[in-house]
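Below are the chains, spelled out letter by letter.
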Amino acid sequence: KVKDPNIKTIEQPYSSFGGKVKETSGQFYLRTSERLRHKERGITIWDYERIILQEFPDLYKVKCINHTAYGYYDALADNMDSEFAPGYVTVIVIPKTYNQNAVNPYEPRVTKAELLQIQDMISKKISPFAARKLKIINPLYEQIKLEFEVEFHKEYTDRGFYEKQLNEDIKKYLSPWAYSEGK
């Protein structure tokens with residue numbers, strides 16, 4: 001309200017965290033529609049995903065896979081890393097990396113503290129029987145190497161530039177979370 005002549009500009013060189021931008025009318029309509037559908041209770045895996053995305057806006061994607069038990073420890077079971085574990089649910093979370101200071105934007109990971117916050121929040125909104133068999137984890141990434149031959153049209157004379165552009169476009173297609181276009 002009152003200008004201080006000693007301060008010329010205010011900058012924020014690093015990305016902020018924990019805040020939410022003002023929602024648009026479209027976002028409000030979507031949020032209320034989803035809220036009316038699941039009523040803040042996680043019944044289906046779709047409900048789990050939407051509740052987590054609503055509470056944690058810094059997540060890019062949440063994928064809930066039922067009947068899997070990755071990263072789950074059970075003293076009574078021999079091997080819990082399984083795709084065939086009836087009753088168990090694994091939730092995989094991918095954070096947003098654009099406008100963030102990510103170490104590796106192509107393999108983003110959520111911190112252990114945030115994984116525990118997500119686990120605690122969703123456990124309160126689902127059945128206590130389901131909460132005992134629920135695990136929130138980071139994704140397991142596989143590096144791939146692509147090899148193919150490309151022939152450019154004659155009007156594209158700067159081959160080095162267009163090869164670089166092609167490589168960047170392939171990265172954007174395979175890792176949409178690392179770019180603002182993927183939001």
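Attention in this report is confined to the structure presented alongside it.

What counts as what
Residues numbered from 1 in each chain as written. Predicted model: local features only at pLDDT ≥ 70, side-chain atom pairs only at ≥ 80, totals over all residues. Heavy atoms only, no water. Phe/Tyr/Trp six-rings, centres within 6.5 Å; stacked < 30°, edge-to-face > 60°. Helix = DSSP H or I, 4+ residues; strand = E, 2+ residues; numbered from the N terminus. Buried < 20%, exposed > 50% of the residue type's maximum accessible area, 1.4 Å probe, protein only. Core = buried A, V, L, I, M, F, W, Y, C linked by side-chain atoms within 4.5 Å. Contact = heavy atoms within 4.5 Å.

### Details of the packing of aromatic side chains
Right, so step 1: Throughout the structure, instances matching the rule amount to 3 aromatic pairs.
Right, so step 2: An angle of 45 degrees between the planes, with centres 6.3 Å apart, marks the rings of Phe 152 and Tyr 162 as tilted. You can see Phe 152 sitting in the loop between strand S3 (134-137) and helix H5 (159-174) and its partner Tyr 162 sitting in helix H5, a full 10 residues away along the chain.
Right, so step 3: Classification of Phe 152 as partly exposed rests on a relative accessible area of 23%.
Right, so step 4: Using a relative accessible area of 27% as the deciding quantity, one classes Tyr 162 as partly exposed.
Right, so step 5: Seen from their ring centres, Phe 161 and Tyr 162 are 5.0 Å apart, and the 80 degrees between their planes marks the pair as edge-to-face.

### What to know about the nonpolar core
Right, so step 1: Counting residues in hydrophobic clusters, the biggest one holds 19 residues, and the most contacted among them are Ile 52, Leu 59, Val 91, Val 93, Ile 122, Leu 134 and Ile 136.
Right, so step 2: Within the residue set of this core, elements represented by two or more residues are helix H2 (45-55), strand S1 (59-66), strand S2 (89-95), helix H3 (112-124) and S3.
Right, so step 3: A total of 4 residues in this core trace back to one element, the largest contributor, which is H3.
Right, so step 4: Contacts of Ile 122, omitting those with residues within four sequence positions, involve Tyr 48, Ile 51, Ile 52, Leu 134 and Ile 136.

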